[in-house]
Amino acid sequence: MMNSEDFEDETEMEKESRDAIMKAAKELCYTRKYYDVSTDKIIYFPSITKVIVNYDLLEKATEYYYDEEDEFPSQYSMGLRDVT
């Protein structure tokens, strides 16, 4: 379980990283849907959690992060995985 002490020294995520994650999430998450007759609801998938756990989001975010030779910061990828 995470303690508040883990987040005390946290700084805000840099803009380029946030933009790369948002662009990748918009492209990968909730892109398909189906109608569930039993609950009378529309289900959207894949969820953001599933995409983070499968590393798909971080791989796609790396493509959008600065240039192709630049790697997405590991502190953010570890943080996202800890949250999910």
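Before reading on, note that the structure itself is shown above.
Just so we're clear, the structure is a prediction, and the values are computed from it rather than from any experiment.

1. Observations regarding the pairing of strand β2 (residues 41-45)
Next up, step 1: Across five bridges, the pairing between strand β1 (residues 32-36) and β2 is antiparallel. For Tyr 34, the partnering residue across the bridge sits in β2 and is Ile 43.
Next up, step 2: Hairpin remark: β1 followed by β2, antiparallel, with four residues in the connecting loop; positive phi at Asp 40, about 60°.

2. A closer look at unusual backbone geometry
Next up, step 1: For the peptide bond that leads from Phe 45 to Pro 46, omega is -5°, which places it in the cis range.
Next up, step 2: Within the secondary structure, Pro 46 sits in the loop between β2 and α2 (48-53).
Next up, step 3: Although it is not a glycine, Tyr 30 sits at a positive phi angle of roughly 55°.
Next up, step 4: Residue placement: Tyr 30 occurs in the loop between α1 (15-28) and β1.
Next up, step 5: Residue classification places Tyr 30 among the partly exposed residues on the basis of a relative accessible area of 44%.
Next up, step 6: Despite not being glycine, Tyr 55 shows a phi value in the positive range, around 65°.

3. Here we look at helix α3 (residues 56-64)
Next up, step 1: Of all the positions in α3, only Leu 57, Leu 58, Lys 60 and Ala 61 are classed as buried. One face of α3 carries all of its buried residues, which in axial projection span an arc of 165°.
Next up, step 2: Where the residues of α3 are buried, they touch α1, α2 and α4 (74-83).
Next up, step 3: Looking one or two residues past α3, Tyr 66 carries a phi angle of roughly 45°, positive in sign.

Cut-offs applied
- Residues numbered from 1 in each chain as written.
- Predicted model: local features only at pLDDT ≥ 70, side-chain atom pairs only at ≥ 80, totals over all residues.
- Heavy atoms only, no water.
- Pairing = 2+ DSSP bridges.
- Helix = DSSP H or I, 4+ residues; strand = E, 2+ residues; numbered from the N terminus.
- Buried < 20%, exposed > 50% of the residue type's maximum accessible area, 1.4 Å probe, protein only.
- Arc of directions from axis to C-beta.
- Contact = heavy atoms within 4.5 Å.

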